[in-house]
Amino acid sequence: MAQKVEILLVDDLDGTEASQTVNFALDGKTYEIDLSDENAAKLREELAPYLGAGRKMSGGRTPVRRTGTAKPVRDSGAVRAWGRENGYEVSDRGRVPAEVWAAYEAAQAA
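Let me begin by describing the structure that accompanies this report.

Overview of a nonpolar patch on the surface
Where nonpolar side chains cluster on the molecular surface, the patch consists of Leu47, Tyr50 and Leu51 and spans about 360 Å² of accessible area. The partly exposed category is assigned to Leu47, whose relative accessible area is 32%.

Points about the environment of Arg95
Within the element layout of this structure, Arg95 appears in the loop between α2 (76-85) and α3 (98-109). Each C-alpha atom, one on Arg95 and one on Arg80, is 10.0 Å from the other, the two residues being 15 residues apart in sequence.

Things to note about the packing of aromatic side chains
Counting across every chain of the model gives three aromatic pairs. A ring pair is formed by Trp82 and Tyr104, whose centres lie 5.8 Å apart and whose planes are at 75°; its orientation type is edge-to-face. Taken together, the positions of Trp82 in helix α2 and Tyr104 in helix α3 put the pair 22 residues apart, joining distant regions of the chain. As far as burial versus exposure is concerned, Trp82 and Tyr104 are alike and both buried. Three or more aromatic residues link up through ring pairs in this structure, and these residues are Trp82, Tyr88 and Tyr104.

Here's the deal with the pattern of salt bridges
Going through the model one piece at a time under the given rule, you end up with two salt bridges. When the shortest N-O distance is used, the salt bridge between Lys42 and Glu38 registers 3.5 Å. In this pair, Lys42 and Glu38 both sit in helix α1 (residues 37-53), four residues apart, roughly one turn of the helix. By relative accessible area, Lys42 is classed as partly exposed at 45%. The class for Glu38 is exposed, based on a relative accessible area of 55%. Measuring nitrogen to oxygen at the nearest pair gives 2.7 Å for the salt bridge that ties Asp92 to Arg84. According to the relative accessible area criterion, Asp92 is exposed, its value standing at 64%.

Some details on the nonpolar core
Counting residues in each nonpolar core, the largest one holds eight residues, listed as Val79, Trp82, Val90, Val96, Val100, Trp101, Ala103 and Tyr104. Only α2 and α3 provide two or more residues apiece to this core. If one sorts the elements of this core by residue count, α3 sits on top with four residues. If we skip the residues at most four places from it in the chain, Tyr104 touches Ala78, Val79 and Trp82.

Notes on the packing of α2 against α3
Following both chains from N to C, one finds α2 and α3 inclined at 90°, their axes separated by 10 Å at the closest point. Comparing the axis directions of α2 and α3 gives the class roughly perpendicular. Residues Ser76, Ala78, Val79, Trp82 and Gly83 of α2 form the contact with α3, whose participating residues are Val100, Trp101, Ala103, Tyr104 and Ala107. Partitioned by chemical class, the residues of the contact of α2 with α3 number eight nonpolar, two polar and no charged.

Scoring rules and cut-offs
Residues numbered from 1 in each chain as written. Predicted model: local features only at pLDDT ≥ 70, side-chain atom pairs only at ≥ 80, totals over all residues. Heavy atoms only, no water. Patch = residues over 30% accessible without salt bridge, like charges linked within 9 Å, V, L, I, M, F, W, Y side chains within 5 Å. Areas by Shrake-Rupley, 256 points an atom, 1.4 Å probe, with all protein chains shown as cover. Salt bridge = Lys/Arg side-chain N within 4 Å of Asp/Glu carboxyl O. Buried < 20%, exposed > 50% of the residue type's maximum accessible area, 1.4 Å probe, protein only. Helix = DSSP H or I, 4+ residues; strand = E, 2+ residues; numbered from the N terminus. Phe/Tyr/Trp six-rings, centres within 6.5 Å; stacked < 30°, edge-to-face > 60°. Core = buried A, V, L, I, M, F, W, Y, C linked by side-chain atoms within 4.5 Å. Contact = heavy atoms within 4.5 Å. Axes fitted to C-alpha atoms, helices over the stretch in contact; angles between N-to-C directions. Parallel < 35°, antiparallel > 145°, perpendicular 65-115°, else oblique. Nonpolar A, V, L, I, M, F, W, Y, C, P; charged D, E, K, R; others polar.

What follows is the structure, given as structure tokens:
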């Protein structure tokens, strides 16, 4: 049996037929709204001064707000030296193995 499904967009502002879905973000929240060409143009026109003065974020992600709970900076140089002194194989470059970090942190806590 054949079926034909039609999806009609309705303008979220005035209830007329919409022709597009517009996505935008504000205060870390992303929104989408179905609009007619006329209402989409009005929205873009109203936002134009703000978009022109703002900085474009790359990657399409909203900025992360810092809350002051950042992890303390860890000194990989000190961990490498400690690891070598305590019998671990640690390279001069690259990632320090997790087991070395854990042993180092355990030794510092003791």
